[in-house]
Amino acid sequence: MKISVIGCGYLGAVHAASMAELGHDVVGIDVDEAKVEWLSRAKAPFFEPGFDDLLARTLATGRLRFSTDFADAAGSSVHFVCVGTPQKRGEYAADMRYVQGAVESLLDVLKVGDLVVGKSTVPVGTAAALAALVESKVPGALLAWNPEFLREGFAVQDTLHPDRLVYGLPAGADGDTARALLDEVYATIVDRGTPKVESDYATAEMVKTAANSFLATKISFINAMAELCEATGADVKLLADAIGYDDRIGRKFLNAGLGFGGGCLPKDIRAFMARAGELGADQALTFLREVDNINMRRRIRMVELAREVCDGSLLGKRVAVLGAAFKPDSDDIRDSPALNVAAQLQLQGAVVQVTDPAAGDNIRRNWPQLDVVDTPEQAAHRADAVLVLTEWKQYRELDPAAFGKLVKQKRVLDGRNALDREAWTAAGWAYRALGRRAG
Ligand code: UGA
């Protein structure tokens, strides 16, 4: 099939290459010339394991290309909208101008029988409004909503092997046409027996925001338990293991620590609350405000803990911050809890050295006031405290004995409950973590 993908960020770039991998003829379109240039040269503009290979492989087939010109979407019959929906400045609501702009631009190239497929995370009600717009300008063109559940760090795997497909379809015969086109796009995935849920637009839109809200709630639940563990001397990691054995609860997304960040969960729960308010159903989601509060409190607690171990004052203390991306295997620093803590420590007088295996350049570009070094060893040089704030494998595998020779004080704060506490304490480190007793 001939497919266009509008927006080539994490979602769109991976989606475009994945659709080419499935055998389609794909053009990825983005207004950012530099990004298009990079992608066209088989270079990923962001860190995503496996993506460089996929890009090189699919570009080499000739089935994938990138362009800044919307007119290049003209020959395609299916058009995926993959642009961002960031939080509006000073408001909880999502900024919808990119989605709106993408669909309006598509109106010039759409023809009868074409299908516009929304993948962006949007406030419920968006698809119905966009479908009406498409129908009014290009009668005979259709719209479906097909949310995406990919995680950064697993984007390629999640796109090519999703755990479910959700189709938000128009009613009646148009729905049958849209379903048939989507089934053709995803034939390889559908034939594998991947579960498929077909629904109206509103349900499909809500599946995405509900899923992210549930995940955020699960993380904040365990972090609330961590607060109680701190008050009682209990151990949140053991608690998570024990409740996680219950299948109904499950151990995934019960890792207590610095909490959630990134370009999705924080802004999605806020946009969901804002939309509920507009619909007069704000009471249903007031709990998400508490989820957000618990999450933000973890960052404050981490700074307090750092002050505590630095004998009550951060002034002039050398602090090594290991990890700055919002999660491992990503260079994404959007709303990163790690970076937030690093910045607060510096503002409160600490001499902070930040390191991250992938996010270094992004920090230098966006946070020029922070000192970034290349390795954990450089960061730890003569440090009064070492904070592990993103659980990269390299940091989990550090040798605490050798690492201990670099620092001034063997104090480690495990912001993600990711280190082997026994190994670090055996090597003479004072170990602290959120929700666990001092070791
Ligand atoms: C999230 C969802 O997991 C995806 O399903 C969704 O498609 C995506 O948002 C999106 O909306 O596009 P992502 O933002 O890549 O994916 O990151 P997650 O793996 O969900 O992690 C989010 C944050 O939660 C990270 O900061 C991570 O460190 C934190 N986290 C995760 C915890 O603090 N504890 C956990 O147990 C798990």
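Report on the accompanying structure.

What counts, and at which threshold
Residues numbered from 1 in each chain as written. Predicted model: local features only at pLDDT ≥ 70, side-chain atom pairs only at ≥ 80, totals over all residues. Heavy atoms only, no water. Near = heavy atom within 4 Å. Areas by Shrake-Rupley, 256 points an atom, 1.4 Å probe, with all protein chains shown as cover. Helix = DSSP H or I, 4+ residues; strand = E, 2+ residues; numbered from the N terminus. Nonpolar A, V, L, I, M, F, W, Y, C, P; charged D, E, K, R; others polar. Domains from an automatic or database assignment. Contact = heavy atoms within 4.5 Å. Polar contact = N/O pair within 3.5 Å; in protein donor to acceptor, adjacent residues only side chain to side chain. Salt bridge = Lys/Arg side-chain N within 4 Å of Asp/Glu carboxyl O. Core = buried A, V, L, I, M, F, W, Y, C linked by side-chain atoms within 4.5 Å. Buried < 20%, exposed > 50% of the residue type's maximum accessible area, 1.4 Å probe, protein only. Phe/Tyr/Trp six-rings, centres within 6.5 Å; stacked < 30°, edge-to-face > 60°. Lys NZ or Arg CZ within 6 Å of the ring centre and 35° of its normal. Expected span 1.5 Å × (residues − 1).

## Some points on the site of the ligand
Working step 1: Taken together, 21 residues sit near the ligand, with Phe 149, Leu 150, Glu 152, Asn 212 and Phe 326 positioned nearest.
Working step 2: Relative to its unbound accessible surface of 710 Å², the ligand loses 90% to contact with the protein.
Working step 3: Only α9 (201–232) and α11 (265–278) provide two or more residues apiece to the shell around the ligand.
Working step 4: With 4 residues, the top contributor of residues to the shell around the ligand is α9.
Working step 5: Here the shell around the ligand is composed, by residue class, of 10 nonpolar, 4 polar and 7 charged.
Working step 6: There are two domains that each give the shell around the ligand at least three residues, and those are domain 1 (2–199) and domain 2 (214–433).

## Observations concerning the environment of Arg 299
Working step 1: By secondary structure assignment, the location of Arg 299 is in helix α12 (residues 286–309).
Working step 2: Taking C-alpha positions, Arg 299 is 7.8 Å from Gly 259, a pair spaced 40 residues apart along the chain.
Working step 3: If we ignore the near neighbours within four places in the chain, the residues touching Arg 299 are Leu 258, Phe 260, Gly 261, Asp 335, Pro 337, Asn 340, Val 341 and Gln 344.
Working step 4: A polar atom in the side chain of Arg 299 sits 2.9 Å from the side chain of Asp 335.

## Structural notes on the pattern of salt bridges
Working step 1: Overall, the coordinates contain 38 salt bridges when judged by the stated rule.
Working step 2: One salt bridge connects Arg 297 with Glu 290, and the closest N-O pair in it is separated by 3.8 Å.
Working step 3: Residues joined by salt bridges that share partners form a network here, namely Glu 227, Glu 230, Glu 290, Arg 297, Arg 298, Arg 301, Glu 304, Glu 308 and Arg 432.

## Describing the nonpolar core
Working step 1: Formed by 51 residues in total, the largest nonpolar core has its most connected members in Leu 322, Leu 345, Ile 363, Val 386 and Leu 387.
Working step 2: Elements represented by at least two residues in this core include exactly α12, β9 (318–322), α13 (337–347), β10 (351–355), α15 (376–380), β12 (385–388), β13 (411–414) and β14 (430–433).
Working step 3: Ignoring sequence-local partners within four residues, the contact set of Val 386 consists of Ala 320, Leu 322, Ala 380, Phe 403, Val 407, Arg 411, Val 412, Leu 413 and Trp 429.
Working step 4: Ala 20, Leu 64, Phe 66 and Phe 80 belong to the second largest nonpolar core, which has 43 residues in total.

## Some points on unusual backbone geometry
Keep in mind that most residues, glycine aside, have a negative phi and that most peptide bonds are trans.
Working step 1: Its identity is not glycine, yet Asp 335 carries a phi of approximately 40 degrees, on the positive side.
Working step 2: Counting through the fold element by element, Asp 335 comes out in the loop between β9 and α13.
Working step 3: For Asp 335, a relative accessible area of 28% gives the class partly exposed.
Working step 4: At Arg 382, a position not held by glycine, the phi torsion is positive, near 55 degrees.
Working step 5: For Arg 382, a relative accessible area of 44% translates into the label partly exposed.

## Points about the packing of aromatic side chains
The geometry of an aromatic ring pair is captured by the separation of the ring centres together with the interplanar angle, meaning the angle of the planes.
Working step 1: Under the criterion given, the structure shown has 7 aromatic pairs.
Working step 2: Pairwise contacts between aromatic rings join Tyr 10, Phe 46 and Phe 51 into one cluster.
Working step 3: The ring centre of Trp 38 lies 5.4 Å from the NZ or CZ of Lys 43, which sits over that ring.
Working step 4: The aromatic ring of Phe 154 is capped on one face by Arg 151, whose charged end is 4.2 Å from the ring centroid.

## Comments concerning helix α1 (residues 10–21)
For an α-helix, the turn length of 3.6 residues means that residues three or four places apart are oriented alike.
Working step 1: Taking 1.5 Å per residue, 12 residues should reach 16 Å; α1 reaches 16 Å between its end C-alpha atoms and fits that length.
Working step 2: For α1, a buried count of 11 out of 12 residues is recorded, marking the element as mostly surrounded by other parts of the structure.
Working step 3: For α1, the full list of buried residues reads Tyr 10, Leu 11, Gly 12, Ala 13, Val 14, His 15, Ala 16, Ala 17, Ser 18, Met 19 and Ala 20.

## Description of α11
Working step 1: Here α11 is 14 residues long and its end C-alpha atoms lie 20 Å apart, about the 20 Å a rise of 1.5 Å per residue gives.
Working step 2: Burial within α11 is extensive, with 10 of its 14 residues counted as buried.
Working step 3: Taken together, the buried positions of α11 are Leu 265, Pro 266, Lys 267, Asp 268, Ile 269, Arg 270, Ala 271, Phe 272, Met 273 and Ala 276.
Working step 4: At its buried positions, α11 is contacted by α9 and α12.
Working step 5: Gly 280, located one to two residues past α11, shows a positive phi value of around 75 degrees.

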